[in-house]
Amino acid sequence: MERLRPILVRVAQAIPVVIGVVVISFVLTRALPGDPAVYFAGAAADEASIAEVRAELGLDQPLPVQFLYYVQDLATGDLGRSLSTGQPVAADLARRLPASLELTLVALLVSCLVAVPLGVLAATRPGSWVDHLCRVLVTTGVSMPTFFTGILLIYVFYYLLGWAPSPLGRLDFMYLEPDKVTGFFLFDAALARDGETFMAALKQLALPALTLALFTMAPIARMTRAAMLSALSSDFIRTARAAGLTRTKVLYGYALRNALLPVVTTLGMVFSFTLGANVLVEKVFAWPGIGSYAVEALVASDYAAVQGFVLAMALLFVALNLVIDIVYAAIDPRIGFESR
Amino acid sequence: MTTISRRSILKGAGAGIAASSLPFSALFPAHAAPGGVLVAVHGETINSLDLHRTGTNRPSYQIAVNCYDRLVAFGIKTLEDGSLSYDYATIKPDIAESWEVSEDGTVYTFKLRDDVTFQDGKPVTAHDVKWSFDRAVTVGGFPTVQMKAGGLDRPDQFEALDDHTFVITLDRASKLTLPDLAVPVPFILNSEVAKANATADDPWALEYVHNHTIGSGAFSVVRWDPGQQLVYERNDNWHGDLPGVTRLILREVPSQATRRALIERGDVQLSFNIPNKDAKELEDKGLAVYSTPIENSIHVVGLNTDFEPFTDPNVRKAIAYAIPYDEIFQTAAYGRGIPMWGGPQEVTSTEWPQPSPYVHDLDKAREFLAQSGYADGFEVPFSIDLNQADWMEPTALLIIENLAKIGITSTLEKIPGANWRTASLVEKRLALHLEGFGGWLNYPDYYFFWAYQDGHLFNSSNYKNDEIEALVEETLFLPTSDPAWAPKIMRMFEIAFEDIPRIPLWQPALNVASNGADGYAFWFHRQLDARTLSPASS
C-alpha cells in the first residue's frame, strides 16, 4: 500500500488530462474541413439524401447537444461508429492498436539492442572507428524518410532477393491468426505453442520493424553516448576506478546504470513519436495499424474515428508516462513520486 | 479451434469448410494451390457488405454484384482488344426467367425461375424481390436516388402476385427502367433472414446485412476484416455458370509501390484499379494489363458560370482553345483512355462521349479573349482535389501554364478529400476546376441529366440553358429507337460544345493488371466482378 498510493495519486492526476482531451478532440474534429454527410452520402446523392445522412449521423443537432450525446455514449464505453470502415470505433481500435504496438515495440527493442551497445562503445572509445561508424549509421537512419526506407527494403529483400515474405500485413494467407489473448501475434502464437505461426508473424514483422528501428536508432544511440560520456567523466567513476574496481564493474555497474535515466526518458519520447510516425510504414507494408486508420479517418472527416483515436492515444500516453515514472524509481530509488 | 491443422484447412478450400467460424480461414496463394484460389489487391477500403446502407462507399458495391442476384443482368461481350466487358446492349434474365411489358410500357411483369435458392437453401420468391425493392426505395441516400433514375420511387409500385410473379408499375414509360434493374442497387436479399434480424429501430436489418451476405449470388463473404481484407467463397449451388475461382482473397494494400511489387512478383494474381503510370510500365514489362475506357465518363475542365468572366461564352471558348490537350493526355493519363478533343466541327452522331471540336490553338484563344470583355485577362484560382491529384495536378499545371500565355493568371488551389465534394458538387463554388463524372446508365441524355441540367449534382459549372433543360426532359425516357431521339441528342451535343461550360479532356480508363488470373471483365461500376475470374490456364 505504501508504494501503491503514490501511483494511484499519479493516476488520479491524469483524469483532468483525459477530460481535456475529450473536449479538445470533439471541438477539433468539428473544425475539420469538409462535411461528412456529403462525403458519405455517396456518389449520386442529392440534397435530400445528404440531409437524411446528416440527420442519421446526428449532425443536424447543435454542437452542445452533439457533445452531450458523445459524452453519454463515452460513459457507456461506446466510441461511436466509424464511417470509413463501417465498424464500431472501439472494435477497430481494439484490433488495430495491438498491431501498431507490436510493430512499434519490436522496432524499439531492435533499435535498443543495436543503439545502446553502439552508444556505449562509442562513448568508451570517442574518436575511434566505432564512434564514427555509430555516427554514420544513425545519421543515415534518421535522414531517410521511413516510407523510403520501407520501399527500399521491400525492393531489395522482397522484390530482388525474394527473402522476405510478401508485404501484406501481419500474416501470410497460409497461417491462422493465433487465438486472441493480447492481440500481439508473436505473443499469442508463443502462448499457443504454435512455432510455425510465430515464425510467420516474425517474418512479416521483420522488414517493417527494421524500417522503424533504423529511424529510431539515432536518438537512442546519441543519447546513450552522451549520457555515458558524462557519467564516465564524473567524480564517482574516478573514485571507483581509483578504488581498483574492474573495468566491467565500473562501466556496467556504475556508469551505465547512471546513464540509463536519460536513455529511458528518450525512449519514452521516441516511443510516442514512433507510434504516430509509423503511419507511412503501415501504409507501405499494408500493416493494419492505427496510424493508417487515423489518417484515413482525418481525410474523410470521420468524426467518431478521429475522436476515438485521439482518446486512445491520450490514454496510452498517460499510461506511458506513468510507466516511465515507475521505471525511473526502479532505476534510481532516490527518485520518488512524492513532491519534495 | 487451434487444433485444426493447417493441412486440413488448405484442402478444405472451397470444399464446404465453415470458414466463417474459423479464427482465420487459412488460404493459399493460387500459384501453389490447385483449388482455384486467387488473390487480388486494391488500394481502397470496403466499408460495408450492404450497398443500401448509409455511407457505403464505391468499393463496397462489388459485394452486391458478387454475392447477390438481380431480376435481370447485363450480358458480357468481348472487346476489340480481346478483353471482356459488360454489354450494355444486352439485358438477359438473372432471377427472372422472362418478362413482359405492357403496351404502354408502364407495367413490367416478371416470371421468376423456380429453381433458385438463397445460400441457406430457401427458395427465392417474388416476396423477397418485393421486400428488397421496398428496402432500396425506402432507406434513402444513394440507392434510393439510383432507383428513382429508373422510375422506381415507392413501395406501392411493386407487387408480388404469387411466389413467382413480380410486377412493377411505373408512373411513366422509361427506357431507363430495365437497365436500372441490372445495376448493383436492386439486389435481392433473403427477406426471411433479414426480417428475423430486424428490430423496431432497424426494420430493414441494415445492421445485420452490413456484416452478413444473405443473397443467392455466386459468392458469399466468409471473412471481412475492414481495412484489411475480404474473402469470397464460391456458392456451388449458384444458378449461373459456376465461376472458375473457388475463393477470392481481396487484400487492401494502400501503397501503390507495394501493390506493384506484389503483382510483378506474382504473389497476387490481380491488381485492381492501378495508376496509369503503373499500367503503362507493367505492360511494357510484359504483364497482362487491361485498360478499359469507362463508358459514359469524361474528365472535364469545369468553368463555373457563377464566376463573372465565365458567363461570357467567348472567355469559355478562349480557355477551351488554350488547353494543351495532347500534352495533358500524355502526362496525366500516360496515353490511356480516349482523347476527347479535336473532333469534327459538326455533330453527326449520337455516340457519347464524343470529342469536342476544340484543339490547342493559342492564337484562336487570344482571338476569343480579345472579343470578350476581358482582353487584358483576369485572375482565377484553379481548384483540384488532393485525392485525385495523380491526374488533376499535372493537368491543372499544364493548363495554368498555357492560360498564362493568353494573359489569364491562375493559381493552383488544392482541396483536401472530404471538402472537395462539398465545394465542387454541393456548393458548386469552385470557379475553375477539374471534374470527372460517369453515368451508370449508358445514355447521353442520362449524362446530360446529371451534368448539364440546372441544379443537378454533377453540374459543377452552374450551367443553365433552357433548350438543354427541355431537350433532356424530352429525351430522358424516350426509347433510342424513337425517330425524335437522335436529332434531339445531336442538338444537345451542339449546344454543349458551343456553350462549352464543361471542356472535355479525355475519357478515362480503368486499369487492371493480371499475373495469373483469366477472365477479367470490365464493369461500369468500376469494381471487381469475381464471377468470370479463373486461375490462368497456362
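A brief look at the structure comes next. (Residues numbered from 1 in each chain as written. Chains lettered and ligands numbered in written order. Predicted model: local features only at pLDDT ≥ 70, side-chain atom pairs only at ≥ 80, totals over all residues. Heavy atoms only, no water.)

## Overview of the interface of chain B and chain A
In this complex, chain B contributes 58 residues to the contact, which on the side of chain A involves 51 residues. Counting each side, the surface lost to burial between chain B and chain A is near 4,600 Å², with a carbon and sulfur contribution of 58%. Our enumeration of links across chain B and chain A arrives at one salt bridge. Across the pair Glu-207 of chain B and Arg-81 of chain A runs a salt bridge whose closest N-O atoms are separated by 2.4 Å. When residues of the side of chain B that touches chain A are traced back to their parent elements, those giving at least two are α1 (6–11), β1 (37–42), α4 (141–149), α7 (206–211), β8 (219–225), β10 (247–252), α8 (256–265) and α14 (417–426) of chain B. Taken together, the residues of the side of chain B that touches chain A break down into 29 nonpolar, 18 polar and 11 charged. (Contact = heavy atoms within 4.5 Å. Buried area = accessible area lost by both parts, 1.4 Å probe. Salt bridge = Lys/Arg side-chain N within 4 Å of Asp/Glu carboxyl O. Helix = DSSP H or I, 4+ residues; strand = E, 2+ residues; numbered from the N terminus. Nonpolar A, V, L, I, M, F, W, Y, C, P; charged D, E, K, R; others polar.)

## Concerning helix α4 (residues 63–75) of chain A
With 13 residues, α4 of chain A should cover 18 Å at 1.5 Å per step; its first-to-last C-alpha distance of 18 Å lies within 8% of that length. Residues of α4 of chain A that are buried in the fold lie against α1 (4–30) and α14 (303–331) of chain A. (Expected span 1.5 Å × (residues − 1).)

## Section: the packing of helix α5 (residues 89–124) of chain A against α14 of chain A
Residue and element names in this part refer to chain A. Packing of α5 against α14 brings their axes to within 11 Å, and their N-to-C directions diverge by 50°. Judged by the inter-axis angle, α5 sits oblique to α14. Both α5 and α14 take part in a crossing whose hand is right-handed. From α5, Val-89, Leu-93 and Leu-101 reach across to α14, where they touch Ala-304, Ala-305, Gly-308, Phe-309, Ala-312 and Leu-316. Its residues assigned to classes, the contact of α5 with α14 comprises eight nonpolar, one polar and no charged. (Axes fitted to C-alpha atoms, helices over the stretch in contact; angles between N-to-C directions. Parallel < 35°, antiparallel > 145°, perpendicular 65-115°, else oblique. Left-handed = near helix turned anticlockwise from the far one by under 90°.)

## Details of the pairing of strand β3 (residues 84–93) of chain B
All names here are of chain B. Pairing analysis gives seven bridges linking strand β2 (residues 72–78) to β3, with the strands arranged antiparallel. The residue bridging Val-72 from the neighbouring strand is Pro-93, located in β3. The turn joining β2 and β3, which pair antiparallel and follow one another in sequence, is formed by five residues; a positive phi near 90° is taken by Gly-82. Examined bridge by bridge, β3 and strand β21 (residues 521–522) share two bridges and lie parallel to one another. Among the inter-strand pairings, Ser-85 is bridged to a residue of β21, identified as Phe-522. (Pairing = 2+ DSSP bridges.)

## A word on the environment of Val-21 of chain A
Residue and element names in this part refer to chain A. Assignment of secondary structure puts Val-21 in helix α1. According to the relative accessible area criterion, Val-21 is buried, its value standing at 16%. The spatial distance from the C-alpha of Val-21 to the C-alpha of Leu-315 is 9.2 Å, given a sequence separation of 294 residues. Beyond its immediate sequence surroundings of up to four residues, Val-21 is in contact with Val-310, Leu-311 and Ala-314. (Buried < 20%, exposed > 50% of the residue type's maximum accessible area, 1.4 Å probe, protein only.)

## A few points about the environment of Phe-329 of chain B
All names here are of chain B. For Phe-329, the position within the fold is in helix α11 (residues 325–332). The buried category is assigned to Phe-329, whose relative accessible area is 5%. Sequence separation of Phe-329 and Trp-506 is 177 residues, and the distance between their C-alpha atoms is 7.2 Å. Contact partners of Phe-329, with chain neighbours within four places excluded, come to Tyr-334, Gly-335, Arg-336, Gly-337, Ile-338, Pro-339, Trp-341 and Trp-506.

## Re the sheet that holds strand β5 (residues 107–112) of chain B
Residues and elements named next belong to chain B. Read across the open sheet, the four strands follow the order β4-β5-β7-β6; overall the sheet is antiparallel. What marks the edges here is a single partner per strand, and that holds for β4 (96–101) and β6 (158–162). Between one strand and the next, the sheet's axes are offset by a mean angle of 20°, whatever the strand orientation. In this sheet, strand β7 (residues 165–169) lies alongside β5 in antiparallel orientation, the contact comprising five bridges. Each bridged residue has a counterpart across the sheet, and for Phe-110 the counterpart in β7 is Phe-166.

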